[in-house]
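A structural walkthrough
Okay, here's what each chain looks like letter by letter:
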Amino acid sequence: MALTRPLDVIIVGAGFGGLTAAIECKLRGMNVTLVETYPTSLNYGDIIDFFPNGGRIIENWENGQVGRDLMKICINQGDQFQYFKADGTKIYTEDWILEPHHYWKQYAGHRGQMHKVVLDYAEKVGVNMQFGHRVTQYHDGDKPSVTTAEGKVFAGDVVVAADGPRSIARQQVLGLPDTKVNSGYAIFRAYFTLTEEHAKHPLLKEFCDQTVDKTLLWTTKDLHMIIYTWNKGKDLGWVLTHKDTEDIGESWSFPGRKQDVLDCLAQGKFEKRLVEVVNATPEKNIVDYKLVWRDPLETWLSPSAHTVLIGDAAHCHLPTSAQGGSQAMEDGVALAVALDRSQGDVALGLRVFERIRFNRSHVTHMASIAVRDGYHNVDWDGDFIRENPHILALPRPEWVIEYDIEKESEKYFERLAADVRNGRKGTIQELALPAGGDYEPKTLKRKGPRSKF
Ligand SMILES: Cc1cc2nc3c(=O)[nH]c(=O)nc-3n(C[C@H](O)[C@H](O)[C@H](O)COP(=O)(O)OP(=O)(O)OC[C@H]3O[C@@H](n4cnc5c(N)ncnc54)[C@H](O)[C@@H]3O)c2cc1C
Ligand SMILES: *[C@@H]1O[C@H](CO)[C@@H](O)[C@H](O)[C@H]1NC(C)=O
Ligand SMILES: *[C@@H]1O[C@H](CO)[C@@H](O)[C@H](O)[C@H]1NC(C)=O
């Protein structure tokens, strides 16, 4: 029984997951309302990466125009990703862009600025934006709805909770206890503008290079730091991941203290360049960002299968996966395809969506831990790292980054829908599409901690 009117889609949360779902549903003719707590475009965050599996989604929008706008503010003259020991010894380099056809599919830049470009596009295609409204209650059922703090109600045919790592939908929709736990690590992160003064500083001038954008990573026991520069030597972002076992209460992003960062650098015996970068950072720009870990869920669907969790709400990736943003965007596309193809049968659409996305996002989600542990537990004295420095490389396996979520969703929709209709038995692990690969470094024998997955 096909709907004769557009499907009413209510999405909570305008992060990259919610925005992508909104755009993709709207492009397929649905009536989309996006409810977001923040009043305006989010000028928050520092640097975020989208690798080709996420970037290809952007590249599809408006004949590539959104990607062109985005690239102006992103790393657009990236050369190599360089890996160092804490003391500055270079261990490994790889190309920033692995294949020429990745150029318009790989975006990294300031999260707030990038968010604005995507948000503008969502507005342009006609997504109904309801900003400045915090959802406090989800109501499941055949006509699901949400209520905001001011008592406003948004009802639709389907509710999509794209409300991020602190998702209240996990408790209200899935009935789970609030299990957010500290992953054992936090990130000091900052973003600032480089000046002519910096360009004269002997240890900082390399970051002001107008002709190459830098991506550099240093690693040592329990610590790693990444520096990015872009915008013709004007913008610099850095993140320093460190151990932190403090209890995560309601708030998990705090102002960072410069002295604490410097203490971490001293503890890891990091080279002077990094100390100078931190010294040059305005203290007010430093954030101490606790990394929340949440175990993978068994389902992302409400009992009626009319409400669904997507993005970090469903699978809270750690930054070391380098896939949090891209996986959230893949969710948005798969969801839109499945809702479109199910022609008004929302429960069918959401069940297929979950089977398309479950295994793949699970594997990248879990990889974030293995990758981080790999960075932090390098045995610099053994032969292994000397012979296999590429285990430090960013996790970009082909099966992850060459994936075309739209194509795969279209390809498998009918088969998975038939499974749902026929009541095929099994756990979600058995019913979901296989991810297509793992993070096992293929050319290596099982040795280092990276081979855990
Ligand atoms: C402010 C901010 C800064 C970030 N900075 C970085 C960064 O610098 N680097 C990086 O790699 N990743 C960053 N991230 C995380 C990254 O964007 C996500 O991991 C990834 O893009 C997945 O996105 P998501 O849409 O699933 O969730 P999120 O990006 O977390 O988006 C969730 C959205 O839901 C909204 N929301 C939550 N609860 C409610 C509610 N009850 N009612 C209405 N709206 C609600 C939030 O305000 C937010 O906009 C940041 C996230 C946020 C929210
Ligand atoms: C779109 O959805 C909104 C919010 O649910 C609703 O108020 C509006 O009537 C819908 N518009 C159409 C054209 O269906
Ligand atoms: C994902 O699929 C692979 C291959 O089918 C399987 O080995 C693995 O257990 C699955 N993982 C989950 C979490 O479903």
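Under an unreviewed UniProt entry, the name given to the protein chain is FAD-binding domain-containing protein, and the source organism is Clonostachys byssicola. What UniProt records for the protein chain under Sequence similarities (unreviewed entry) is the sentence "Belongs to the paxM FAD-dependent monooxygenase family."

With that out of the way, let us pick up the sheet that holds strand β1 (residues 8-12). Sheet strands associate in pairs through backbone hydrogen bonding, adopting either a parallel or an antiparallel arrangement. Taken together, five strands build an open sheet; the order of strands is β7-β2-β1-β11-β18 and the sheet is parallel. Of all the strands in the sheet, the pair left with one neighbour each is β7 (128-131) and β18 (307-309). Neighbour-to-neighbour, the strand axes of this sheet turn through a mean angle of 20 degrees, independent of strand direction. Examined bridge by bridge, β1 and strand β2 (residues 31-36) share five bridges and lie parallel to one another.

Turning our eyes to something else, we now look at the packing of aromatic side chains. Counted according to the given criterion, the structure contains 11 aromatic pairs. Of the aromatic side chains, those joined through ring pairs into one cluster are F51, F81, Y83, Y92 and W96. Over the aromatic face of Y403 sits the side chain of R360, whose NZ or CZ is 3.6 Å from the ring centroid.

Our next topic: unusual backbone geometry. Non-glycine residue N63 carries a positive phi angle of around 50 degrees. Even without being glycine, A322 reaches a positive phi, approximately 55 degrees. When you line up the elements, A322 lands in the loop between β18 and α9 (324-341). What makes A322 buried here is its relative accessible area of 11%.

Per-residue pLDDT for the protein chain averages 91, and the proportion of residues at 70 or more is 94%. Scored below 50 in pLDDT, residues 442-453 makes 27 contacts in the model with residues more than four places away or belonging to other chains.

Let us look at the site of ligand 2. Inspection of the region around ligand 2 gives D8, N31, T33 and A155 as its neighbouring residues. Interatomic distance of 2.3 Å between a side-chain N/O atom of N31 and an oxygen atom of ligand 2. Look at ligand 2: alone it shows 360 Å² of surface, and the protein chains cover 43% of it. In terms of residue class, the shell around ligand 2 is built from one nonpolar, two polar and one charged.

So, on to the environment of G164. Relative to the helices and strands, G164 is located in the loop between β11 (158-161) and α5 (169-172). Residue G164 is classed as buried on the basis of its relative accessible area of 13%. When the C-alpha positions of G164 and A14 are compared, they lie 9.3 Å apart, and in sequence the two are 150 residues distant. G164 has contacts with D312 and A313, leaving out every residue within four places of it along the chain.

Let us look at the site of ligand 1. Close to ligand 1 lie 32 residues, the nearest being E36, D46, I47, R189 and D312. The separation between an oxygen atom of ligand 1 and a polar side-chain atom of E36 is 2.6 Å. At 2.9 Å from an oxygen atom of ligand 1 is found a side-chain nitrogen or oxygen belonging to R111. Taken together, the elements giving at least two residues each to the shell around ligand 1 come down to α1 (16-27), β2, β3 (47-50) and α9. Broken down by class, the residue content of the shell around ligand 1 amounts to 14 nonpolar, 11 polar and seven charged.

Criteria and cut-off values
Residues numbered from 1 in each chain as written. Chains lettered and ligands numbered in written order. Predicted model: local features only at pLDDT ≥ 70, side-chain atom pairs only at ≥ 80, totals over all residues. Heavy atoms only, no water. UniProt positions renumbered as here; feature names shortened; annotations may be inferred. Pairing = 2+ DSSP bridges. Helix = DSSP H or I, 4+ residues; strand = E, 2+ residues; numbered from the N terminus. Axes fitted to C-alpha atoms, helices over the stretch in contact; angles between N-to-C directions. Phe/Tyr/Trp six-rings, centres within 6.5 Å; stacked < 30°, edge-to-face > 60°. Lys NZ or Arg CZ within 6 Å of the ring centre and 35° of its normal. Buried < 20%, exposed > 50% of the residue type's maximum accessible area, 1.4 Å probe, protein only. pLDDT = per-residue confidence, 0-100. Contact = heavy atoms within 4.5 Å. Near = heavy atom within 4 Å. Polar contact = N/O pair within 3.5 Å; in protein donor to acceptor, adjacent residues only side chain to side chain. Areas by Shrake-Rupley, 256 points an atom, 1.4 Å probe, with all protein chains shown as cover. Nonpolar A, V, L, I, M, F, W, Y, C, P; charged D, E, K, R; others polar.

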